[in-house]
Amino acid sequence: MAVAFYPGSFDPFHLGHLDVVEQAVALFGDLVIGVMHNPDKDSSMFTADERAELIRQSVTHLGKKVCVEKFVGLTVDAAAKIEASLIVKSARSGADFDIEQQMAQMNHAASGVETVLLFSRPEHSYISSRYIRQFTLSGGTIKTPMVTAPVQQALLAKHNKGAKS
Ligand code: PNS
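This section reports on the structure supplied with the text. Given the structure is predicted, the values throughout are model-derived calculations rather than measurements. (Residues numbered from 1 in each chain as written. Predicted model: local features only at pLDDT ≥ 70, side-chain atom pairs only at ≥ 80, totals over all residues. Heavy atoms only, no water.)

In the structure shown here, the tally under the stated rule is three aromatic pairs. Plain terms: the ring middles of Phe5 and Phe71 are 5.7 Å apart, the flat faces sit at 70° to each other, and that makes the pair edge-to-face. Remark: Phe71 occurs in strand β3 (residues 66–71) and Phe5 occurs in strand β1 (residues 3–8); sequence separation between them is 66 residues. Phe71 gets classed as buried once you look at its relative accessible area, which sits at 7%. (Phe/Tyr/Trp six-rings, centres within 6.5 Å; stacked < 30°, edge-to-face > 60°. Helix = DSSP H or I, 4+ residues; strand = E, 2+ residues; numbered from the N terminus. Buried < 20%, exposed > 50% of the residue type's maximum accessible area, 1.4 Å probe, protein only.)

Structure representation (structure tokens):
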């Protein structure tokens with residue numbers, strides 16, 4: 001079976017991401033989740049190490065089919081390094097689709113790697129890391145489950161820390 005590479009910021013990993021991970025494992029067998037790490041500017045909420053660890057804790061039910069690695073630089077180089085057969089991405093909307101199409105075409109033109117777009121179930125399609133970050137960092141709470149239990153705990157810790165400072 002193929003090895004698929006699913007790159008992203010995952011700040012934080014949410015149920016839409018998990019949905020795509022589960023679909024990719026069912027379709028392709030083995031999946032490497034690549035957590036983008038920019039050494040000059042770490043993420044606005046969790047560090048790359050924290051993001052990777054939260055994903056590992058969120059995908060334990062998938063066993064050895066999934067592994068999580070950090071990467072620096074280009075997605076196509078990270079995909080080539082692990083000898084991935086394809087890149088997995090997802091799009092929630094037309095706006096996402098336009099960006100993903102351009103990145104997929106650019107990555108293909110640059111390296112020949114194909115990108116497969118997967119769509120989360122509709123109940124997850126509004127979930128966005130950016131808005132989860134905004135709510136959490138502004139001290140807001142989210143009633144509807146949008147993230148896995150380990151991520152929820154980490155968000156709660158951020159929320160409580162923010163409330164104290
Ligand atoms: O979860 P995100 O933030 O939408 O992920 C975007 C990501 C990390 C997949 C994208 O920014 C990316 O591929 N970054 C690595 C740099 C790169 O390869 N740039 C060229 C894209 S055509």
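As a further point, take the site of the ligand. Near the ligand you find Pro7, Gly8, Ser9, Met36, Gly73, Leu74, Thr75, Lys89, Met103, Met106 and Asn107, and these make up its full shell. At 2.5 Å, a side-chain N or O of Ser9 approaches an oxygen atom of the ligand. At a separation of 2.6 Å, an oxygen atom of the ligand approaches a polar side-chain atom of Thr75. Coverage of the ligand by the protein chains reaches 67% of its 540 Å² of free accessible surface. Among the secondary structure elements, those contributing two or more residues to the shell around the ligand are β1 and α4 (94–111). It is α4 that provides the largest number of residues to the shell around the ligand, a total of three residues. A breakdown of the residues in the shell around the ligand according to their chemical character gives five nonpolar, five polar and one charged. (Near = heavy atom within 4 Å. Polar contact = N/O pair within 3.5 Å; in protein donor to acceptor, adjacent residues only side chain to side chain. Areas by Shrake-Rupley, 256 points an atom, 1.4 Å probe, with all protein chains shown as cover. Nonpolar A, V, L, I, M, F, W, Y, C, P; charged D, E, K, R; others polar.)

A word on the nonpolar core. Within the largest apolar cluster, 33 residues are counted, with the highest numbers of intra-cluster contacts made by Phe13, Val21, Leu31, Ile33, Ile55, Val59 and Val88. Among the elements of the structure, β1, α1 (15–28), β2 (30–36), α2 (48–58), β3, β4 (86–90) and α6 (149–164) are those that each provide at least two residues to this core. Looking at this core, the element that brings in the most residues is α1, giving seven residues. Discounting residues that sit within four places of it in the chain, Val88 has contacts with Ala4, Phe5, Tyr6, Pro7, Val20, Ala24, Phe28, Val116 and Leu118. Grouped together as the second largest cluster of nonpolar side chains are nine residues, Phe5, Ala79, Ile87 and Val113 included. (Core = buried A, V, L, I, M, F, W, Y, C linked by side-chain atoms within 4.5 Å. Contact = heavy atoms within 4.5 Å.)

Omega for the peptide link from Asp11 to Pro12 comes to 5°, which places this bond in the cis form. As for its placement among the helices and strands, Pro12 is situated in the loop between β1 and α1. Of note, Phe10 is a non-glycine position whose phi angle comes to about 55°, a positive value. Within the element layout of this structure, Phe10 appears in the loop between β1 and α1. For Glu83, which is not a glycine, the phi torsion comes out positive at approximately 55°. If you trace the backbone, Glu83 turns up in the loop between α3 (75–81) and β4. Glu83 gets classed as exposed once you look at its relative accessible area, which sits at 66%.

Pairing of β4 with strand β5 (residues 114–118), which is carried by five bridges, proceeds in the parallel orientation. Opposite Ser90, over in β5, you have Leu118 as the bridge partner. A crossover links β4 with its parallel partner β5, the connecting element being α4, and its sense is right-handed. (Pairing = 2+ DSSP bridges. Right-handed = clockwise from strand over helix to strand, strands pointing away.)

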